[in-house]
Amino acid sequence: MALHARGLIDQMEEERQNPKTSYLERLRNFAAARKLARRHGPKVIREILTAMGLIEGFPPAQILWNAGHADVPLHCFFRSRLEPVFRVTKLEVHPMKVAIEVEYGAHDKKKTTRETIRFQRNAMLALELEERTPA
């Protein structure tokens, strides 16, 4: 928890130094979250983000660790342009499978890491990692 708290404090200090940039970033993140939630529903998006936060060795897990908490706004889990970025570029949701393409890391498109992650529901209908491949 101390590690996550330190990260949040660093973000708050950064936002205080650049209020206009952070405001525009917040608007972009809000739009991205609203678009996904409108298309697939906020509950499904939270479930997918929570499953991604549980992937071992997945760098954006530091952002997604509390995605299952309904009291945290959905737009808080997206980072459009400020590093480390985390963007969902494509999402396909089926009853028993989910395929999601994400970009994360550096803002520069050439240095951004792109991955396709596939989940499948287990016998308890929870999402489990099926495949993780570079895009």
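Preceding block: the structure.
Sequence positions are assigned chain by chain, starting from 1 and proceeding in written order. Local features in this predicted model are restricted to residues of pLDDT 70 or higher, and side-chain atom pairs are both shown and tallied only at a pLDDT of 80 or more, whereas totals for entire chains, interfaces and linings draw on every residue. Think of the side-chain values as coming from all heavy atoms in the structure, minus any hydrogens and water.

Trainee: Honestly, unusual backbone geometry in this entry has me stumped. Any pointers?
Mentor: For residues besides glycine, phi is generally negative; the peptide bonds are generally trans as well. Going from Glu-83 to Pro-84, the amide bond is cis rather than trans, its omega being -5°. By the criteria applied, helices consist of DSSP H or I runs no shorter than four residues and strands consist of E runs no shorter than two, each listed in order from the N terminus. Mapped onto the secondary structure, Pro-84 falls in the loop between α4 (61–64) and β1 (85–93). Here Leu-125, not a glycine, exhibits a phi torsion of approximately 65°, which is positive. Secondary-structure assignment places Leu-125 in the loop between β3 (112–121) and β4 (127–134). Since its relative accessible area comes to 49%, Leu-125 is described here as partly exposed. Each residue is assigned to one of three classes by its accessible area relative to the maximum for its type, calculated with a 1.4 Å probe on protein chains only: buried under 20%, partly exposed between the two thresholds, exposed over 50%.

Trainee: Sorry, what's going on with the packing of aromatic side chains here?
Mentor: Aromatic rings considered in pairs are described by the distance between their centres and by the relative angle of their planes. Only Phe, Tyr and Trp rings take part, Trp by its six-membered ring, and two of them pair if their centres are within 6.5 Å. Stacked means planes under 30 degrees apart, edge-to-face means over 60, and tilted covers everything else. Evaluation of the coordinates by the stated rule reveals 2 aromatic pairs. Arranged with centres 5.3 Å apart and planes meeting at 75°, the rings of Phe-58 and Tyr-104 form a pair that is edge-to-face. Note that Phe-58 is positioned in the loop between α3 (42–53) and α4 and Tyr-104 in strand β2 (residues 97–105), a separation of 46 residues in sequence.

Trainee: I keep staring at the sheet that holds β1 and nothing clicks. Help me out?
Mentor: Neighbouring strands of a sheet are bound in pairs by backbone hydrogen bonds; such pairs are parallel or else antiparallel. By the convention used here, strands pair only if DSSP detects at least 2 bridges between them. Within the open sheet, the 4 strands sit side by side as β1-β2-β3-β4. Their pairing is antiparallel. Bordering the open sheet on either side are β1 and β4, each of which pairs with just one other strand. Each neighbouring strand pair of the sheet contributes to a mean axis angle of 25°, computed without reference to strand direction. Of the strand pairs in this sheet, β3 and β4 are connected by 7 bridges, and their pairing is antiparallel. The residue of β4 that forms the bridge with Thr-116 is Thr-133. Convention adopted: a line fitted to C-alpha atoms gives each axis, helices being fitted over their contacting stretch, and angles between N-to-C directions are expressed from 0 to 180 degrees.

Trainee: Explain the packing of helix α2 (residues 19–40) against α3 to me, please; I cannot follow it from the model alone.
Mentor: Relative placement of two packed helices is described by the angle separating their axes and the distance separating the axes. Look at α2 against α3: their axes get within 7 Å of each other, and the N-to-C directions meet at 115°. The orientation of α2 with respect to α3, classified from their angle, is roughly perpendicular. Residues Leu-36, Ala-37 and His-40 of α2 touch α3, and the partners they reach there are Pro-42, Val-44 and Ile-45. In the scheme used here, Gly and all other residues not listed as nonpolar or charged are polar, with Ala, Val, Leu, Ile, Met, Phe, Trp, Tyr, Cys and Pro taken as nonpolar and Asp, Glu, Lys and Arg as charged. Considering only residue class, the contact of α2 with α3 consists of 5 nonpolar, 1 polar and no charged. With respect to orientation, any angle under 35 degrees is reported as roughly parallel, any angle over 145 as roughly antiparallel, any angle of 65 to 115 as roughly perpendicular, and every other angle as oblique. In this analysis, two residues are considered to be in contact whenever any of their non-hydrogen atoms come within 4.5 Å of each other.

Trainee: What should I look at first to understand empty space enclosed by the protein in this one?
Mentor: To locate leftover empty space, one rolls a probe as large as a water molecule over the atoms. Throughout, the protein atoms alone are placed on a 1 Å grid, and a set of points is a cavity if a 1.4 Å probe fits but cannot get out or a pocket if it is open with protein on both sides within 12 Å along at least five of seven lines; lining residues have an atom within 4 Å of a point. Grid points are joined across faces, edges and corners, and a volume is the space filled by probe spheres set on the points. All told, the structure shown has 1 cavity of 30 Å³ or more when counted by the stated rule. Looking at the largest cavity, its volume works out to about 40 Å³. Those elements giving two or more residues to the lining of the largest cavity turn out to be α3 and β1. For the lining of the largest cavity, the element with the highest residue contribution is α3, accounting for 3 residues. Of the residues assigned to the lining of the largest cavity, the class counts are 8 nonpolar, no polar and no charged.

Trainee: What is the right way to read the nonpolar core from this model?
Mentor: For soluble globular proteins, nonpolar side chains are generally found buried alongside one another. Within the largest apolar cluster, 27 residues are counted, with the highest numbers of intra-cluster contacts made by Met-52 and Phe-86. For this core, the elements supplying multiple residues, two or more each, are α2, α3, α4, β1, β2 and β3. In terms of residue count, the dominant contributor to this core is α3 (5 residues). What Met-52 contacts, discounting residues up to four positions off in sequence, is Phe-58, Leu-64, Phe-86, Ile-100, Val-102, Ile-117 and Phe-119. To define a nonpolar core, start from buried Ala, Val, Leu, Ile, Met, Phe, Trp, Tyr and Cys residues and group those joined through side-chain atoms within 4.5 Å.

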